[in-house]
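So you can see what is in the structure, the chains are spelled out below.
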Amino acid sequence: MSGLPVRGGGTRVARQRPPARASAAHRAAERVGATVVLVAALVALAGLTTSGAFSLAPDGLELDGAHYTDTAAVRHALGLDGSGRLNLLTLPTASMEAALRALPAVDPARADGTTIAVALPDRLVVTLQERQPIVTWQVDGARFLVDVSGTVFARLAADAPDPGLPVVDDQRSASGGLVVGTTLDPSDLAAARQLAAITPAFLGSTARSLAIAVTDEEGFTLDAVPGLWHAVFGVYTITLRPPTIIPLQAQCLASLLEADLRTVHEQSIDVIRLAPTAARCGTYTVRAAHPAPTPTPSGKP
């Protein structure tokens, strides 16, 4: 006797029963266990943040890129100049980096490069991106570094080596109050940069170097060193007498030296006043003639 055909022609598959759900008591036990682990972790973390295990060592501050910013200024900005030891696990790094970027020598254009990194267990690594000086501004013997924006961002120590930059000796009475954080007048900075580009070779001078100064009476000047002529370039303002005339003045100075040295020795020229016009470049005066040395008898000094 044949059986009835299975509807659909397929083979019946037994349904699997879903796994039994965990009991309410088991789930409650799991939650209790998780809570115990969390509390234990929080207690352990609290112990780490209050113990001295990860405190900054007395010599644990490492500075990278600090050429013009001293360690004391960095420690003060970070709040490390007290007697307590900072726990490295609770550092407010965002606010500390903001304080570093406010330091005068730190370059705001490269602020992202000024960072703080924790090196457990007890060290803090600070990286600074500083401004780059283009000129040394000297006032009453004090030397200040100035960057391309005209910001006075550092004062050199009295015994610091010469940074090898052009030097402007500012003798104006109003400059006595120059301090770090000051921004130079744009016309002063532009004049200094252009005068620093003038060389004895460009002028055809026998001078060893050229010294830049600025005074209340004459404005910007160049002195041919050692002890040659004194060239007066004058006072500049952005609107009335802009420093853009300096290249013309430099050409005039070179032409005066070239033309007049045919008959006047460079060592005899005293003061050159550069006032370029359509007809002339300026004027100069000659030093008083030195008396000829008196001959001495032969064999005697």
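Residues numbered from 1 in each chain as written. Predicted model: local features only at pLDDT ≥ 70, side-chain atom pairs only at ≥ 80, totals over all residues. Heavy atoms only, no water.

(A) Up close: the overall build of the protein. Counting secondary structure elements, the protein contains six helices and 12 strands. In the protein, of all internal contacts separated by at least 6 residues, the share reaching a separation of at least 24 is 53%. As displayed, the protein has an accessible area near 18,600 Å², and 58% of this comes from carbon and sulfur atoms. (Helix = DSSP H or I, 4+ residues; strand = E, 2+ residues; numbered from the N terminus. Contact = heavy atoms within 4.5 Å. Areas by Shrake-Rupley, 256 points an atom, 1.4 Å probe, with all protein chains shown as cover.)

(B) Here's a closer look at the side chain of Asp170. Within the secondary structure layout, Asp170 lies in strand β7 (residues 167-170). Residue class for Asp170 comes out buried when judged on its relative accessible area of 3%. Reaching out from Asp170, the side chain makes a polar contact with the side chain of Trp137 at a distance of 2.9 Å. Among the polar contacts listed, one links the side chain of Asp170 to the side chain of Arg172, at a separation of 2.9 Å. Once you skip the residues sitting within four places of it in the chain, Asp170 turns out to touch Trp137, Gln138, Val139, Ser175 and Val214. (Buried < 20%, exposed > 50% of the residue type's maximum accessible area, 1.4 Å probe, protein only. Polar contact = N/O pair within 3.5 Å; in protein donor to acceptor, adjacent residues only side chain to side chain.)

(C) Representation of unusual backbone geometry. Residue Leu120 is joined to Pro121 through a cis peptide bond whose omega torsion reads 15°. Mapped onto the secondary structure, Pro121 falls in the loop between β2 (115-119) and β3 (123-127). In this model, Val225 is joined to Pro226 through a cis peptide bond whose omega is 5°. Topologically, Pro226 is positioned in the loop between β9 (219-225) and β10 (230-234). Phi angles above zero are rare outside glycine, and Asp140 is one such case at about 50°. Mapped onto the secondary structure, Asp140 falls in the loop between β4 (133-139) and β5 (142-147).

(D) Examining the nonpolar core more closely. In terms of nonpolar packing, the biggest core is built from 39 residues, with Trp229 and Phe233 touching the most fellow members. Those elements that provide at least two residues to this core are β4, β5, α4 (186-196), β8 (209-215), β9, β10, α6 (246-260) and β11 (269-274). Considering each element in turn, this core owes the most residues, seven residues, to α6. Setting aside anything within four residues of it in sequence, one finds Phe233 in contact with Leu195, Ile198, Phe220, Thr221, Leu222, Arg241, Gln249, Ala250, Leu253 and Leu274. With 15 residues, the next largest nonpolar core counts Leu78, Val106, Val126 and Leu128 among its residues. (Core = buried A, V, L, I, M, F, W, Y, C linked by side-chain atoms within 4.5 Å.)

(E) Quick look at the state of the cysteines. Scanning all chains against the criterion turns up one disulfide. Residue Cys252 pairs covalently with Cys281 via a disulfide, S to S 2.3 Å. In this structure, the disulfide formed by Cys252 and Cys281 twists by about -65° around the S-S bond and is classed as left-handed. Highlighted residues: Cys252 in helix α6 and Cys281 in the loop between β11 and β12 (282-286), separated in sequence by 29 residues. A residue is classified by how much of its surface remains accessible, and Cys252, at 4% relative accessible area, is buried. (Disulfide = S-S within 2.5 Å.)

(F) Layout of the packing of aromatic side chains. Tallying each qualifying case throughout the model produces two aromatic pairs. Ring geometry for Phe220 versus Tyr236: centroids 6.0 Å apart, planes at 40°, classification tilted. Of the two residues, Phe220 is situated in strand β9 and Tyr236 in the loop between β10 and α6; the sequence distance between them amounts to 16 residues. On the basis of relative accessible area, Phe220 is assigned to the buried category, the value being 1%. (Phe/Tyr/Trp six-rings, centres within 6.5 Å; stacked < 30°, edge-to-face > 60°.)

(G) Just the pattern of salt bridges, in detail. In the structure shown here, the tally under the stated rule is eight salt bridges. A salt bridge links Arg101 to Glu97; the shortest N-O distance between them is 3.7 Å. Note that Arg101 and Glu97 are positioned in helix α3 (residues 93-101) at a spacing of four residues, about one turn of the helix. Overall, Arg101 belongs to the partly exposed group, its relative accessible area being 29%. Judged by relative accessible area, Glu97 falls into the buried class, the value being 16%. Of the charged contacts in the structure, one is a salt bridge between Asp107 and Arg110, with a shortest N-O distance of 3.4 Å. (Salt bridge = Lys/Arg side-chain N within 4 Å of Asp/Glu carboxyl O.)

Keep in mind that these numbers describe shape and distance, not what the molecule does.
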